[in-house]
Amino acid sequence: MTARTIFEPFRIHSVEPLRITTEAERRLALEAAGLNLFKLPARDVLVDLLTDSGTGAMSRDQWAAIQHGDESYAGSPSWSVFLEAVQELFPFKHVIPTHQGRAAERIIFSLLGGPGKVFPNNTHFDTTRANIEYTGAEAVDLVIAEGRDPAALHPFKGNMDLEALDELIAERGCESVPAVFVTITNNTGGGQPVSLENLRGVRAICDRYEVPLFLDACRFAENAWFIHEREPGYDGVAVADIVRELASLADGMTMSAKKDPLANIGGWLALNDDALADRCRNLEILTEGFPTYGGLAGRDLEAIAQGLKEAVDHDYLRYRIRSTAYLSDGLQRAGIPVLQPAGGHAVYIDARAFLPHIEPLHYPGQALAVALYLTGGIRSCEIGTVMFGRQPDGSETPAAMDLVRLAVPRRTYTQSHIDYVIEIGAEIAERSRDLRGLRITWEPQTLRHFTARFEPLRMSV
Ligand SMILES: *Cc1c(COP(=O)(O)O)cnc(C)c1O
């Protein structure tokens, strides 16, 4: 018997129309945006794969929960609903709501960071790294070697290099390492999961040096599903139990509710340390608000609580992880090299390998992202030399890789949207030799990928 299609475990209840554009319209929109996809009005995009953050579709039950939102300043019943839903999966003593993940990061790193401190992680997400470095501390990435090789196959490519972690703490001294972080799944490393076995190894090292362990748990449910599918002994264990086991190994967590919790905004910081939690709450009041709402409306707290229940549903997760792998398989069949294996939330095209005739300083990733939009109205995100090439001393060097990320919003697009993305990819693959590099005509001093302007290089004959 052939395997049956894993279909979307929902039907559509309310629709958002897409405005179908022509290539001529898209060309005009691109020119106005200086070939920078961040500057496109979203209504000119057909399939928006820029990010999976806050872009998912809420369920009927989440919209219903929104109506239960109670906007009392302090002690709202919506806060109790939220707290209970968080602690059901992550039984930490203290839960501190925030408007999104980076606010939780800012609070914890302002208290634990500072010059001379070092935070290890499998791979720091960019806001995590920025919040650490802002305090003068150092952020060190210690993912296993396979996690740094786009073609390497490994079931848990997000795992921490335990030997390197042990060495780092021994060398710097445990008083310089305020906490170890593990990001599940490893977003910056391609959405790759971390195994429970590896996390237990991290825990053992943290115990030996008496250093607390925190999870950056934005994609906890997708990570737990990979454990359910790939880690020996876990195929019979419920994802919610796997999540609780992950949480039991940690002393705290940071979270963005815009990812796996299926909400459009929100986040939290959770921890067991009473004294540290008091200091966190004091800081939270400065910028986020009273500790029973933390920058969120009561209705947001309700939507997150309901989203958490849906996020650990096996039928949903089977579909979610399959839908990302489906895009990855289709692009590969069309002859497009992608990062292996498919991650939980995104597919990463190796643009440098796909467009070998465009040298890195002519931005093969941006050239491909522009072609995906022009040909099919698809918005993706360059993660390569445009994003990382400009050095603090003003020079420019190629990034380690030139990738284009296609992030899949949760429950938002159907299989035919994804088939369309694969078709556009195949069309581009047929004439990939015709794609030209770009040059930057204007760029700001920092974070240039958000606002830089580009123009095509003239053919050199
Ligand atoms: C998105 C994300 C964050 C930051 O969360 P925001 O809600 O965007 O502030 C932190 N860590 C990881 C791994 C993320 O994916």
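Keep in mind it's a predicted model, so treat the numbers as computed, not measured.

Caption draft 1: Local environment of the site of the ligand. Contacts to the ligand come from 14 residues, most closely from Arg 102, Asp 216, Arg 219, Ser 256 and Lys 259. The contact in question runs from an oxygen atom of the ligand to an N or O atom on the side chain of Arg 219, over 2.8 Å. At 2.8 Å from an oxygen atom of the ligand is found a side-chain nitrogen or oxygen belonging to Lys 259. A total of 370 Å² of accessible area belongs to the ligand in isolation, and the protein chains cover 97% of it.

Caption draft 2: Region of interest: a nonpolar patch on the surface. Residues Phe 38, Leu 447 and Phe 450 make up a contiguous nonpolar surface patch of roughly 280 Å² in combined accessible area. Looking at where Phe 38 falls in the secondary structure, it is placed in the loop between helix H1 (23-32) and strand S1 (47-48). Of the residues examined, Phe 38 reaches a relative accessible area of 32% and is grouped as partly exposed.

Caption draft 3: Representation of the packing of H1 against helix H14 (residues 364-376). Between H1 and H14, the shortest axis-to-axis distance is 7 Å and the interhelical angle comes to 140 degrees. Relative to H14, the element H1 is oriented oblique. Contacts between H1 and H14 involve Glu 23, Arg 26, Arg 27, Ala 29 and Leu 30 on the former and, on the latter, Val 370, Tyr 373, Leu 374, Thr 375 and Gly 376. The residue makeup of the contact of H1 with H14, split by class, is five nonpolar, two polar and three charged.

Caption draft 4: Quick peek at the packing of helix H12 (residues 314-333) against helix H16 (residues 415-430). One way to put it is that H12 packs onto H16 with a least axis distance of 9 Å and a crossing angle of 25 degrees. Considered as vectors, H12 and H16 are oriented roughly parallel to each other. Seen from above, H12 lies across H16 with right-handed handedness. Packed against H12, whose contacting residues are Tyr 326, Leu 327, Gly 330 and Leu 331, the element H16 presents Gln 415, Ile 418, Asp 419, Val 421, Ile 422 and Gly 425 at the interface. Counted by class, the contact of H12 with H16 contains six nonpolar, three polar and one charged residues.

Caption draft 5: Inspection of the side chain of Ser 256 at higher detail. Structurally, Ser 256 can be placed in strand S7 (residues 252-256). The class for Ser 256 is buried, based on a relative accessible area of 5%. When residues no more than four places from it in sequence are discounted, the contact partners of Ser 256 are Gly 101, Cys 218, Pro 261, Gly 266 and Gly 267.

Caption draft 6: Focus on the pairing of strand S12 (residues 403-407). The element S12 is largely enclosed, with a buried count of five among its five residues. Of the two faces of S12, both are covered, the one formed by Leu 403, Arg 405 and Ala 407 as well as the one formed by Val 404 and Leu 406. Pairing analysis gives five bridges linking strand S9 (residues 346-350) to S12, with the strands arranged antiparallel. Of the residues in S12, the one forming a bridge with Ile 349 is Val 404. Looking at chain direction, strand S11 (residues 381-383) and S12 are connected through three bridges and run antiparallel. Within S12, the position partnered with Glu 382 by the bridge is Val 404.

Caption draft 7: Summary view of the sheet that holds S11. The antiparallel open sheet is built from three strands, whose spatial order is S9-S12-S11. A single partner strand is all that each edge strand has here, and the edge strands are S9 and S11. Strand after strand, the sheet turns through a mean of 30 degrees between neighbouring axes, direction not considered. Contacts between H14 and the sheet are confined to S9, S11 and S12, with S12 contributing the most and set at about 40 degrees to the helix.

Caption draft 8: Layout of unusual backbone geometry. Looking along the chain, the bond that leaves Ile 184 and enters Thr 185 is cis, with omega of -25 degrees. Position of Thr 185 among the secondary structure elements: in the loop between strand S5 (180-183) and helix H7 (196-209). Across the junction of Gln 340 and Pro 341, the peptide omega takes the value -25 degrees, indicating a cis bond. Looking at the element boundaries, Pro 341 is found in the loop between H12 and S9. Notably, Leu 35 is not glycine yet its phi reads approximately 60 degrees, a positive angle. By secondary structure assignment, the location of Leu 35 is in the loop between H1 and S1. Note on Leu 35: relative accessible area 11%, which makes it buried. Here the phi dihedral of Arg 411 falls at roughly 60 degrees; this positive angle occurs in a residue that is not glycine. With respect to the helices, strands and loops of the structure, Arg 411 is situated in the loop between S12 and H16.

Caption draft 9: Just the sheet that holds strand S2 (residues 94-98), in detail. In spatial order, the strands read S2-S8-S7-S6-S5; together these five strands make up an open sheet with mixed pairing. Each of the sheet's edge strands pairs with one partner strand only, and the pair in question is S2 and S5. Pairs of neighbouring strands in the sheet enclose a mean axial angle of 15 degrees, with direction left out of account. Running at roughly 20 degrees to S2, helix H10 (residues 274-287) makes contact with S2 and strand S8 (267-271) of the sheet.

Caption draft 10: Spatial organisation of the pattern of salt bridges. In the structure shown here, the tally under the stated rule is 30 salt bridges. In this structure, Asp 274 and Lys 93 form a salt bridge, with 2.8 Å as the shortest nitrogen-oxygen distance. Highlighted residues: Asp 274 in helix H10 and Lys 93 in the loop between helix H3 (77-89) and S2, separated in sequence by 181 residues. Given the relative accessible area of 39%, Asp 274 is considered partly exposed. Overall, the relative accessible area of 51% leaves Lys 93 in the exposed class. With a closest N to O distance of 3.2 Å, Asp 166 and Arg 208 form a salt bridge. Within this pair, whereas Asp 166 is found in helix H6 (residues 162-172), its partner Arg 208 is found in helix H7, the two being separated by 42 residues in sequence. Bridged by salt links that share partners, the residues Asp 52, Arg 219, Glu 222, Asp 260, Arg 320 and Arg 410 form one connected network.

What counts and how
- Residues numbered from 1 in each chain as written.
- Predicted model: local features only at pLDDT ≥ 70, side-chain atom pairs only at ≥ 80, totals over all residues.
- Heavy atoms only, no water.
- Near = heavy atom within 4 Å.
- Polar contact = N/O pair within 3.5 Å; in protein donor to acceptor, adjacent residues only side chain to side chain.
- Areas by Shrake-Rupley, 256 points an atom, 1.4 Å probe, with all protein chains shown as cover.
- Patch = residues over 30% accessible without salt bridge, like charges linked within 9 Å, V, L, I, M, F, W, Y side chains within 5 Å.
- Salt bridge = Lys/Arg side-chain N within 4 Å of Asp/Glu carboxyl O.
- Helix = DSSP H or I, 4+ residues; strand = E, 2+ residues; numbered from the N terminus.
- Buried < 20%, exposed > 50% of the residue type's maximum accessible area, 1.4 Å probe, protein only.
- Axes fitted to C-alpha atoms, helices over the stretch in contact; angles between N-to-C directions.
- Parallel < 35°, antiparallel > 145°, perpendicular 65-115°, else oblique.
- Contact = heavy atoms within 4.5 Å.
- Nonpolar A, V, L, I, M, F, W, Y, C, P; charged D, E, K, R; others polar.
- Left-handed = near helix turned anticlockwise from the far one by under 90°.
- Pairing = 2+ DSSP bridges.

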